[in-house]
Amino acid sequence: MATKHHAHSHKHEKVDAEDALRNAGLKVTKPRLAILDLLASEHGPFTPDEIHVRVTQSKAAGACDLVTIYRCLAKFEGLSLINRCDFGDGTVRYELGGKDHHHHHIICRLCKRVDSLPDCPVEDKSIKLPKTGFRNVSHRLEFFGICPDCYAD
Ligand SMILES: [Zn+2]
Ligand SMILES: [Zn+2]
Ligand SMILES: [Zn+2]
C-alpha cells in the first residue's frame with residue numbers, strides 16, 4: 001500500500017463547502033472555502049502546515065499566509081465544522097467535523113500511518129454518562145499500534 005491515508009467509507013453526502021460556511025454564518029472567503037473544500041474531499045487528517053501547502057499549491061486559497069490558515073482553523077473548530085485530532089505526538093491535525101463524520105483512528109506508532117475505523121465503539125456500548133447537565137457531549141478516542149508494513153520489517 002503506497003498511500004498512508006486510507007480512505008474510509010463515506011455514508012454521508014459530500015459536503016458542499018460553500019453551503020457549510022453559509023450555514024455556519026461565516027462569510028465565504030477564498031481561504032475558508034479552500035480549506036473546507038480540502039477537508040471535505042480528503043480525509044487527512046492534516047496539520048496546519050500541510051493544509052497551507054495544499055491550498056496554496058492548488059492556488060485555491062489565493063495568496064494566503066499560515067496565520068490566515070490558523071485563524072480559519074480556529075474559527076472552524078469553534079463552530080465544530082472541523083475536528084482537531086490529537087495523536088499524542090505534539091502535532092495538531094484537523095479533519096472534517098460534525099456528527100456525520102464521527103469516527104475513530106488507528107495510528108501506527110512507527111510510520112504514523114492513519115487508518116479510519118468504521119464503527120464507534122463508544123456508541124455501540126451506549127455508555128451512560130453521569131447526570132452532569134452537559135449537552136452536545138462529544139468524545140475522542142484514538143488507537144495506536146504497529147501497522148502490517150512496519151511489523152513485516
Ligand atoms: Zn507503520
Ligand atoms: Zn478521520
Ligand atoms: Zn466515537
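The coordinates are above.
The text that follows walks through the structure, step by step, so that each part is easy to find. (Residues numbered from 1 in each chain as written. Chains lettered and ligands numbered in written order. Predicted model: local features only at pLDDT ≥ 70, side-chain atom pairs only at ≥ 80, totals over all residues. Heavy atoms only, no water.)

1. Describing the coordination of the zinc ion (ligand 2)
Six octahedral donors around a metal ideally sit at 90 or 180 degrees from one another, while four tetrahedral donors ideally sit at 109.5 degrees.
Phase 1: Coordination of the zinc ion (ligand 2) by the protein involves His43 (NE2), Glu95 (OE), His103 (NE2) and His105 (NE2), with metal-donor separations of 1.9 Å.
Phase 2: Taken together, the four donor atoms coordinating the zinc ion (ligand 2) span angles of 99 to 118° at the metal, a pattern that classifies the geometry as tetrahedral. (Donors = N, O, S within 2.8 Å, 3.2 Å for Na, K, Ca; no water. Tetrahedral: all angles 85-135°; square planar, octahedral: opposite > 155°, others 65-115°.)

2. Re the packing of helix H2 (residues 30-41) against helix H4 (residues 66-78)
Phase 1: H4 packs onto H2 with a crossing angle of 65° between their chain directions and a minimal axis gap of 10 Å. If you check the angle between H2 and H4, you find them roughly perpendicular. For the pair H2 and H4, the sense of crossing is right-handed. Residues Pro31, Arg32, Ile35 and Leu36 of H2 touch H4, and the partners they reach there are Thr68, Ile69, Cys72, Leu73, Lys75 and Phe76. (Axes fitted to C-alpha atoms, helices over the stretch in contact; angles between N-to-C directions. Helix = DSSP H or I, 4+ residues; strand = E, 2+ residues; numbered from the N terminus. Parallel < 35°, antiparallel > 145°, perpendicular 65-115°, else oblique. Left-handed = near helix turned anticlockwise from the far one by under 90°. Contact = heavy atoms within 4.5 Å.)

3. As for the pattern of salt bridges
Phase 1: Summed over all chains, the structure comprises six salt bridges.
Phase 2: Between Glu18 and Arg22 there is a salt bridge, with its nearest N and O atoms 3.1 Å apart. With Glu18 and Arg22 both in helix H1 (residues 17-23), this residue pair falls four residues apart, about one helical turn.
Phase 3: A salt bridge links Arg113 to Asp115, with the nearest nitrogen and oxygen atoms 3.1 Å apart. For the pair formed by Arg113 and Asp115, the shared burial category is buried. (Salt bridge = Lys/Arg side-chain N within 4 Å of Asp/Glu carboxyl O. Buried < 20%, exposed > 50% of the residue type's maximum accessible area, 1.4 Å probe, protein only.)

4. What about the pairing of strand E1 (residues 82-86)?
Along any regular strand, the residues point their side chains to alternate faces of the sheet.
Phase 1: As paired elements, E1 and strand E2 (residues 92-96) share five bridges and run antiparallel to each other. What sits directly across from Ile82, in E2, is Leu96.
Phase 2: The antiparallel hairpin formed by E1 and E2 contains five residues in its connecting segment, where Gly88 sits at a positive phi of about 70°. (Pairing = 2+ DSSP bridges.)

Distances and angles like these do not, on their own, reveal function.
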